[in-house]
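Residue-level listing of the chains:
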Amino acid sequence: MTKLNPEDSARARFAYELQRHRLMAHLTQGQLGRRMGFSGSLVGAVENLKRTPSEDFARRCDRALQLDGVLSALHVEGWPPPPPVPEHFRNWTLEERRATALQIWDPLLVPGIFQIEQYARRVFERAPGITPEEVEERLVGRMQRKNILSQEKPPMILSIIDEGVLRRPIGGPEVMRRQMEYLLEIAHHPRVTIQIVPFEAEAVPGLLAAFVIAEQRGTPYAVYVDSIPDGRTLTERGVIASLTARYDAIRAEAYPTSLSLKVIQQTAERWT
């Protein structure tokens, strides 16, 4: 067997059990793949932690290996059903909820996980061609994402926000005041740290896009990068290393936490 520690992550546990049951059945990756209707390379990628298994992949594994829902149960445990969010974002919501730490950078908007309902609604409403039904569906998904801090073991969240975000009038003065007050409230959560990058800082490494880095026990393992038309969830080590270095460079330009909260408080007063 490939050396895997099933306690490292949900992905490692799934890969460990998949490989163990495959070898017990005396099947190669190619043979199992053919039984499932997938390629052997996909089976190998899952076993080597290079691909996240889908729900359909888990079900087909159970059928091919004659397991009574063992791998499907592991999949639900590791990747619970996502909230109603756009398809391109669903993989990330799964990673977000099983991470032990999230490092967030946003140069344009309040991070979605911290948005109040009125702010988020305005963001969605301004999307060209979106229907009222789609706005409501996405709003429900975004509000559900905020429950991540109510989990039994919520992740540590380190959020860096550009100062311009605090002054961009999304939804008008009243909405912005409430949004600033919520940022101050959530910043006192023991698992949350918010820092502001001042106008005076060039913060060039972060001006191209917002991104989030997910960690498991101190090791970055996935990133989400905003882009047009859709953002992407990436797990390539080179990309993760590059964005981690970029994040550190941005953070070096940020105010310390205490001063950041003073800036948010002052901005909230300006919106009154």
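Shown above is the structure to which this text applies.
As a starting point, this report considers the structure included with it.

Attention now goes to helix α5 (residues 70-78). A turn of α-helix holds 3.6 residues, and therefore any two residues three or four places apart point the same way. Considered for burial, the residues of α5 that qualify are L71, L74, H75 and G78. Here the buried residues of α5 occupy an arc of 100° about the axis, which is enough to place them on one side. Next to the buried residues of α5 lie α1 (10-24), α4 (55-64) and α6 (87-98).

Applying the stated rule across the entire model yields five aromatic pairs. Ring geometry for W92 and Y224: centres 5.9 Å apart, planes at 35°, overall tilted. With W92 in helix α6 and Y224 in strand β5 (residues 219-225), the pair connects residues that are 132 residues apart, well separated along the chain. Looking at W92, the relative accessible area reads 1%, which means it is buried.

In terms of burial, β5 is a largely internal element, five of the seven residues being buried. As judged from the six bridges shared by strand β4 (residues 211-216) and β5, these two strands associate in the antiparallel manner. Bridge assignment links E215 to a residue of β5, and that residue is P220. In textbook terms, the turn of a hairpin is the stretch between consecutive antiparallel strands, and for β4 and β5 this stretch comprises two residues, one of which, R217, has a positive phi near 50°. Across three bridges, β5 lies against strand β6 (residues 232-234) in antiparallel orientation. Of the residues in β6, the one forming a bridge with Y224 is T233.

Another aspect to go through is the sheet that holds strand β2 (residues 156-162). Ordered by their spatial adjacency, six strands build an open sheet running β3-β2-β1-β4-β5-β6, and the pairing between neighbours is mixed. Of all strands in the sheet, those bounded by a partner on one side alone are β3 (192-197) and β6. Strand-to-strand twist across the sheet, computed as the mean angle between neighbouring axes with direction ignored, equals 15°. Sheet analysis places strand β1 (residues 101-106) next to β4, joined by five bridges and oriented antiparallel. The residue bridging I104 from the neighbouring strand is V212, located in β4.

What follows concerns the pairing of β4. Burial analysis of β4 places six of its six residues in the buried class, the great majority of the element. Of the two faces of β4, the one carrying F211, I213 and E215 and the one carrying V212, A214 and Q216 are both buried.

Definitions and limits used
Residues numbered from 1 in each chain as written. Predicted model: local features only at pLDDT ≥ 70, side-chain atom pairs only at ≥ 80, totals over all residues. Heavy atoms only, no water. Buried < 20%, exposed > 50% of the residue type's maximum accessible area, 1.4 Å probe, protein only. Helix = DSSP H or I, 4+ residues; strand = E, 2+ residues; numbered from the N terminus. Arc of directions from axis to C-beta. Contact = heavy atoms within 4.5 Å. Phe/Tyr/Trp six-rings, centres within 6.5 Å; stacked < 30°, edge-to-face > 60°. Pairing = 2+ DSSP bridges. Axes fitted to C-alpha atoms, helices over the stretch in contact; angles between N-to-C directions.

Take it as geometry only, folks, not as evidence of what the structure does.
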